[in-house]
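Chain by chain, the residues:
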Amino acid sequence: MSAWDLLIGQSGVVAELDRAASAAHTDPGGRHSGAMTHAWLVTGPPGSGRSNAAIAFAMALMCPEGGCGECVDCRSVARRSHVDVEIIRPEGLSYRTGETRELVRRASIAPARGGWHVMIIEDADRLTESANNVLLKAIEEPPPHTVWVLCAPSTEDVLPTIRSRCRVVRLRTPDAAAVTAALIERDEVDPAMAAFAARAAQGHIGRARALATDEGARIRRQEILRIPTQSEDLASCFAAAANVLEAATEDAKSQTDPQDEKERSNLLRAYGEGGEGKGISRTPRGAKGAVKELEDRQTSRRTRTVRDSLDRALIDLLSFYRDVLVMQTGAEVGLVNDEMRTQLVQVASRSTPESTRRRIDVVSDARLALHANVAPLLALEALVVGLRSEQRS
Ligand SMILES: [Zn+2]
């Protein structure tokens, strides 16, 4: 398996990064080759594989074969443990300035295994303004062997001053056929399930994989899709909002719990304990401060993951109303939620295209509210009330 197999449905990007990596190998300083440069910005919608593109590129730069996928360098980059490749992701809602300064300091260290020192910044859209400024200085004057790879949903998500110093690589939303094929080949998912998951995930590869392989994820997805056909009284609307939040919290826990446990036992082991004890009372005296700090970071990561999970649920809800609109307007496109035809017909026949458009706005507003850090339950309650008022008019 080559490094580029990490990318699904992105042949243009693969060609460009492969060319850059080859140029980097023939001209290690990279000063003379136009194909290679010191700062990259990988953009693409969530789930299109931004981090995978950055990791594949790092593999191609580290690997003597240009990304064979098999050698020590390739495998350690993939495991996120290569000494010359740092993959950084904010633990909380944003990157702090101090954190970024420390990164810039580490980036200036010469590579240990020769070649390049690659700094991958996932979610560069979460850099605060002052963190952005710290990073800008580093990108303006990069040490000769440092490569920065920033990942963000779009070029608008990073400051223009940073964007103008990066070469932009744009990933597109992979089509359902490419995602289906990848699920069948790599994850050995049954073809019918793969087709369903690819369609429901709308080009988000990680989401498609979770839906295809985790029944819990499929059940939690149903929680939000119940909203359009639920009964009309206000009490059940609020109950539905609470259920959606609970499902998103469960979804987030399924992602963060294993990592939380691992970090905790690693920390306790470093302080000389077996790593079995859960309660803080069983923690060695000297470790208490460090454990508290870890727990704060984990709480902040969990908050962020719940919000991401809720956003995905709202995208699922948008897809439902988008399907309703497709039915109401007779557009000749496929349905995302084909397996829910009965419910779609029910909603489509009881509302107008105008009210469906307004409902789409209501869902979009809820996404914006979450993005602006409105308390999740409040945003969800406003959502269900907004959708319901449309029902009555
Ligand atoms: Zn290799």
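Residues numbered from 1 in each chain as written. Predicted model: local features only at pLDDT ≥ 70, side-chain atom pairs only at ≥ 80, totals over all residues. Heavy atoms only, no water.

Caption draft 1: Structural context of the overall build of the protein chain. Broken down by element type, the protein chain carries 15 helices and 5 strands. Radius of gyration (C-alpha) of the protein chain: 23 Å, near the 21 Å computed for a compact globule of 393 residues. Evaluated residue by residue, the protein chain yields a buried proportion of 47% over its 393 residues. Considering only contacts in the protein chain between residues 6 or more positions apart, those separated by 24 or more positions represent 70%. As displayed, the protein chain has an accessible area near 18,800 Å², and 52% of this comes from carbon and sulfur atoms. When the 51 basic and 54 acidic side-chain charges of the protein chain are each reduced to a single mean position, those positions are 3 Å apart. (Helix = DSSP H or I, 4+ residues; strand = E, 2+ residues; numbered from the N terminus. Rg over C-alpha atoms; globule rule 2.2 N^0.38 Å. Buried < 20%, exposed > 50% of the residue type's maximum accessible area, 1.4 Å probe, protein only. Contact = heavy atoms within 4.5 Å. Areas by Shrake-Rupley, 256 points an atom, 1.4 Å probe, with all protein chains shown as cover. Lys, Arg positive; Asp, Glu negative; His and termini not counted. Charge placed at Lys NZ, Arg CZ, Asp CG, Glu CD.)

Caption draft 2: Highlighting the coordination of the zinc ion. Protein coordination at the zinc ion: the donors are Cys63 (SG), Cys68 (SG), Cys71 (SG) and Cys74 (SG), at 2.3 to 2.4 Å from the metal. In this structure, the zinc ion is surrounded by 4 donor atoms whose angles at the metal cover 106 to 116°, and the resulting shape is tetrahedral. For the zinc ion, all donor residues lie on one chain, and their spacing in sequence is C-x4-C-x2-C-x2-C. Residue classification places Cys71 among the partly exposed positions, given a relative accessible area of 21%. (Donors = N, O, S within 2.8 Å, 3.2 Å for Na, K, Ca; no water. Tetrahedral: all angles 85-135°; square planar, octahedral: opposite > 155°, others 65-115°.)

Caption draft 3: Main features of the nonpolar core. Ranked by size, the top nonpolar core spans 35 residues in total, and within it Met36, Phe57 and Val118 carry the most contacts. Put simply, the parts of the chain that give this core at least two residues each are helix H1 (11-26), strand S1 (39-43), helix H2 (50-62), helix H3 (72-78), strand S3 (117-121) and strand S4 (146-152). In terms of residues, this core owes the most to one element, H2, which gives 10 residues. Residues in contact with Phe57, not counting those within four places in the same chain, are Trp4, Leu17, Ala20, Ala21, Met36, Trp40, Val147 and Val149. Within the second largest apolar cluster, 34 residues are counted, among which are Cys237, Leu317, Ala348 and Leu387. (Core = buried A, V, L, I, M, F, W, Y, C linked by side-chain atoms within 4.5 Å.)

Caption draft 4: Quick peek at the sheet that holds S3. Strands sit in the order S2-S3-S4-S1-S5 across an open sheet of 5 strands; the sheet is parallel. Looking at which strands have only one partner, the edges of the open sheet turn out to be strand S2 (85-88) and strand S5 (167-170). The average undirected angle you get between the axes of adjacent strands in this sheet is 15°. Across 4 bridges, S2 lies against S3 in parallel orientation. Counted as the bridge partner of Val85 is Val118 from S3. Here helix H5 (residues 129-140) sits on the sheet and contacts S1, S3 and S4; the angle it forms with S4, its principal contact strand, is near 140°. (Pairing = 2+ DSSP bridges. Axes fitted to C-alpha atoms, helices over the stretch in contact; angles between N-to-C directions.)

Caption draft 5: Layout of the pattern of salt bridges. Counting across every chain of the model gives 30 salt bridges. For the salt bridge of Glu223 with Arg226, the shortest nitrogen-to-oxygen distance reads 3.0 Å. For Arg226, a relative accessible area of 44% corresponds to the partly exposed category. Bridged by salt links that share partners, the residues Arg50, Arg80, Arg89, Glu122, Asp123, Arg126, Arg304 and Asp308 form one connected network. (Salt bridge = Lys/Arg side-chain N within 4 Å of Asp/Glu carboxyl O.)

Caption draft 6: Here's a closer look at the packing of helix H8 (residues 191-201) against helix H9 (residues 205-213). In the contact formed by H8 and H9, the axes pass within 8 Å of each other and the chain directions differ by 140°. Judged on the interaxial angle alone, H9 and H8 are oblique. The handedness of the crossing between H8 and H9 is right-handed. Contact with H8, carried on its side by Met193, Ala197, Ala198, Ala200 and Ala201, involves Arg207, Ala208, Leu211 and Ala212 of H9 and no other residues of that element. Class assignment of the residues belonging to the contact of H8 with H9 gives a composition of 8 nonpolar, no polar and 1 charged. (Parallel < 35°, antiparallel > 145°, perpendicular 65-115°, else oblique. Left-handed = near helix turned anticlockwise from the far one by under 90°. Nonpolar A, V, L, I, M, F, W, Y, C, P; charged D, E, K, R; others polar.)

Caption draft 7: Seen up close, the domain arrangement of the protein chain. According to the domain assignment, the protein chain consists of domain 1 (3-170), domain 2 (176-213) and domain 3 (234-256 + 297-392). Each of domain 1 and domain 2 was reduced to a C-alpha centroid, and the two centroids are 27 Å apart. Contacts between the two partners involve 7 residues from domain 1 and, on the opposite side, 7 residues from domain 2. For the pair domain 1 and domain 2, the summed buried surface comes to about 530 Å²; carbon and sulfur atoms form 64% of the total. Our count for the contact surface shared by domain 1 and domain 2 stands at 0 salt bridges. Our count for the contact surface shared by domain 1 and domain 2 stands at 2 residue pairs in polar contact (both at pLDDT 80 or more). Taken together, the residues of the side of domain 1 that touches domain 2 sort by class into 3 nonpolar, 3 polar and 1 charged. (Domains from an automatic or database assignment. Buried area = accessible area lost by both parts, 1.4 Å probe. Polar contact = N/O pair within 3.5 Å; in protein donor to acceptor, adjacent residues only side chain to side chain.)

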